[in-house]
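For reference, the chains in residue letters:
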Amino acid sequence: MGRTVTVATCALNQWALDFDGNLERIFKSIEIAKEKGARYRLGPELEICGYGCSDHYYESDILLHSFQVLAKLLESPDTQDIICDIGMPIMHRNVRYNCRVIFLNKKILLIRPKIALANSGNYREMRWFTPWNRLRHVEEYFLPRMIQEITAQESVPFGDAVLATLDTCIGTEICEELWIPTSPHIEMGIDGVEIFTNSSASHHVLRKAHTRVELVNSATAKNGGIYILANQKGCDGDRLYYDGCAMISMNGATEVLVATLDLEDVRSYRAEISSRNLAASKVTPYPRIKVNFALSSSDDICTPTSESIQWKYHSPEEEIR
């Protein structure tokens, strides 16, 4: 019996501090995702304010305006009946974090701070943000009053947790966490997480797209699962060019943008990996946030799934051109 889910990922051309324009593009991406039947929408890193805000991150206004945009997203009819995964900076206990805010039907499910910050080469995230170092730990985050009035929630979970929906389990990575040796998706997968999401602001470097695709595919080839990656696209006002490259991979094969995939394929694939199953018997479990929502529908037995595609790698000469 099949258990198909439709998920969407976005490559958005966001601009630093363009709160109105960024909001418009986020709304458009959610509209397209819903039109194509998606029940989960993932956007790029820090998409509300834009990634390249530099020392503007020190200003309290950037936090205020980000929450104002989040309020508009939460109260809009366009964001109902789809899990929305949005990126923004958040101050928790006087510490600034690079976060994902995941919400459904005017309720915030989880705020997930970034664990591994990019801090080499062109990246200086440690200048503006602090990594969340309390793995598998969740705290209460007390919401601003403007958000409480919409969600009727005084506080929400903040930390390293995963979402347990009615039909699957979803875990989050943020950009750099895919590239480090101890990527969270490894133990999340062993603990039963079936869908991994990654919101990125990964800039263009010659041949980097090849590495990015290989990392995503290898994340699910060894352990099984569905991996969804969103990325920034274009120049957001800083010195870097972001090359999009949004993708969806299942069990080591690649789909792009919106895909309908069968969870039973993940479960069958994993059941044959004995080393993974031995590790699963002794893994330290992640805190699970229960979500009364399903990514699949009751009549999905006959729903066709997306065909895998062969990624076309450009030659170095083509990339330069």
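Residue numbers restart at each chain and count upward from 1, following the sequence in its written direction. Per-residue local features of the predicted model are confined to residues with pLDDT of at least 70, and side-chain atom pairs are confined, for both listing and counting, to 80 or more; whole-chain, interface and lining totals are unaffected and use all residues. The side-chain figures draw on all heavy atoms in the structure; neither hydrogens nor water molecules are used.

**Student:** I keep staring at the overall build of the chain and nothing clicks. Help me out?
**Tutor:** Helix numbers and strand numbers start at the N terminus; a helix is a DSSP run of H or I with at least 4 residues, a strand a run of E with at least 2. Across its full length, the chain holds 9 helices and 17 strands. Whereas a compact globule of 321 residues would reach a radius of gyration of roughly 20 Å, the chain reaches 18 Å, a difference of no more than 12%. Exposed residues in this analysis have more than 50% of their type's maximum accessible area, buried residues have under 20%, and partly exposed residues fall in between, with area computed by a 1.4 Å probe over protein chains only. Classification of the 321 residues of the chain by burial places 56% in the buried group. Whether two residues are in contact is decided by their heavy atoms: any pair within 4.5 Å suffices. The long-range share in the chain, meaning contacts at least 24 apart out of those at least 6 apart in sequence, stands at 72%. Our radius of gyration looks at C-alpha atoms and nothing else; its globule reference is 2.2 Å times the residue count to the power 0.38.

**Student:** Would you mind showing me how to read helix 6 (residues 208-221) here?
**Tutor:** The periodicity of an α-helix, 3.6 residues per turn, causes residues three or four places apart in sequence to face the same way. Counted at 1.5 Å a residue, the expected span for helix 6 with its 14 residues is 20 Å, and the 20 Å between its end C-alpha atoms agrees. Looking at helix 6, one finds that the buried residues are Lys208, Ala209, Arg212, Val213, Val216, Asn217, Ala219 and Thr220. Around the axis of helix 6, the buried residues are gathered within 165° of arc, so they sit on the same side. Helix span is expected to be 1.5 Å times the residue number reduced by one. By construction, the arc corresponds to the directions joining the helix axis to the C-beta atoms.

**Student:** Teacher, can you tell me more about a nonpolar patch on the surface here?
**Tutor:** The patches reported here contain residues having more than 30% relative accessible area and no salt bridge. Joining distances are 9 Å for like charges and 5 Å for nonpolar side chains (Val, Leu, Ile, Met, Phe, Trp, Tyr). Methods summary: accessible areas were calculated by the Shrake-Rupley approach with a probe of 1.4 Å, and residue burial reflects only the protein chains presented. By definition, a salt bridge exists where a carboxyl oxygen of Asp or Glu is found within 4 Å of a side-chain nitrogen of Lys or Arg. Judged by side-chain polarity, Val205, Leu206 and Ile320 come together as a nonpolar surface patch covering roughly 280 Å² of accessible area. With respect to the secondary-structure elements, Ile320 resides in helix 9 (residues 316-320).

**Student:** Even after reading the chapter, I still don't get the packing of aromatic side chains, so can you show me in this structure?
**Tutor:** Think of a pair of aromatic rings as described by two things: how far the centres are apart, and how the planes are tilted against each other in angle. Pairing of aromatic rings covers Phe, Tyr and Trp, the last counted by its six-membered ring, and requires centre-to-centre distances within 6.5 Å; plane angles under 30 degrees mean stacked, over 60 mean edge-to-face, and any other angle means tilted. A full pass over the atoms with the stated rule returns 9 aromatic pairs. For the ring pair Tyr97 and Trp132, a centre distance of 5.6 Å and an interplane angle of 70° mean the geometry is edge-to-face. Here the residue Tyr97 occupies a position in strand 5 (residues 95-104), and Trp132 occupies one in the loop between helix 3 (125-128) and strand 7 (138-142), the gap between them amounting to 35 residues. A relative accessible area of 8% places Tyr97 in the buried class. By the ring-pair criterion, three or more aromatic residues cluster together here, those being Tyr97, Trp132, Tyr141 and Phe158. Criterion for a charge above a ring: Arg CZ or Lys NZ at most 6 Å from the ring centre, at most 35 degrees from the ring normal. Positioned above the aromatic ring of Tyr286 is the side chain of Arg136, whose terminal nitrogen or guanidinium carbon lies 4.2 Å from the ring centre. Positioned above the aromatic ring of Trp179 is the side chain of Lys208, whose terminal nitrogen or guanidinium carbon lies 5.5 Å from the ring centre.

**Student:** What should I look at first to understand the side chain of Asp191 in this one?
**Tutor:** Positionally, Asp191 belongs in the loop between helix 5 (184-190) and strand 11 (195-200). Classification of Asp191 by relative accessible area gives buried; the value is 13%. At 2.9 Å, the side chain of Asp191 forms a polar contact with the backbone nitrogen of Tyr286. In contact with Asp191, not counting residues within four places along its chain, are Val283, Pro285, Tyr286 and Arg288. Here a polar contact is recorded for every N or O atom pair within 3.5 Å, except that within protein the pair must consist of a potential hydrogen donor and a potential acceptor, and residues adjacent in sequence are included only if both atoms are side-chain atoms.

**Student:** Help me understand the environment of Ala164, please; the structure alone is not making it clear to me.
**Tutor:** With respect to the helices, strands and loops of the structure, Ala164 is situated in strand 9 (residues 162-164). Ala164 sits 123 residues away from Pro287 along the chain, and the two C-alpha atoms are 9.5 Å apart. Apart from the residues within four sequence positions on either side, Ala164 is in contact with Cys169, Arg288, Ile289, Lys290 and Val291.

**Student:** I tried to follow the pattern of salt bridges on my own but got confused; where do I start?
**Tutor:** Note that side chains of opposite charge can pair when their charged atoms are close. Inspection of the entire model under this criterion finds 18 salt bridges. For Asp18, the salt bridge goes to Arg25, with nearest N and O atoms at 3.0 Å. With a relative accessible area of 27%, Asp18 lands in the partly exposed category. When salt bridges that share partners are traced, they join Arg41, Glu47, Asp85 and Arg100 into one network.

**Student:** Even after reading the chapter, I still don't get unusual backbone geometry, so can you show me in this structure?
**Tutor:** Working note: non-glycine residues mostly have negative phi, and peptide bonds are mostly trans. The residue Asn94 is not glycine, and still its phi comes out positive at about 65°. As for its placement among the helices and strands, Asn94 is situated in the loop between strand 4 (83-92) and strand 5. Taking relative accessible area as the criterion, Asn94 reaches 74% and is therefore assigned exposed. One non-glycine residue with positive phi stands out, namely Cys245, at about 70°. Tracing the sequence through the fold places Cys245 in the loop between strand 13 (242-243) and strand 14 (247-250).

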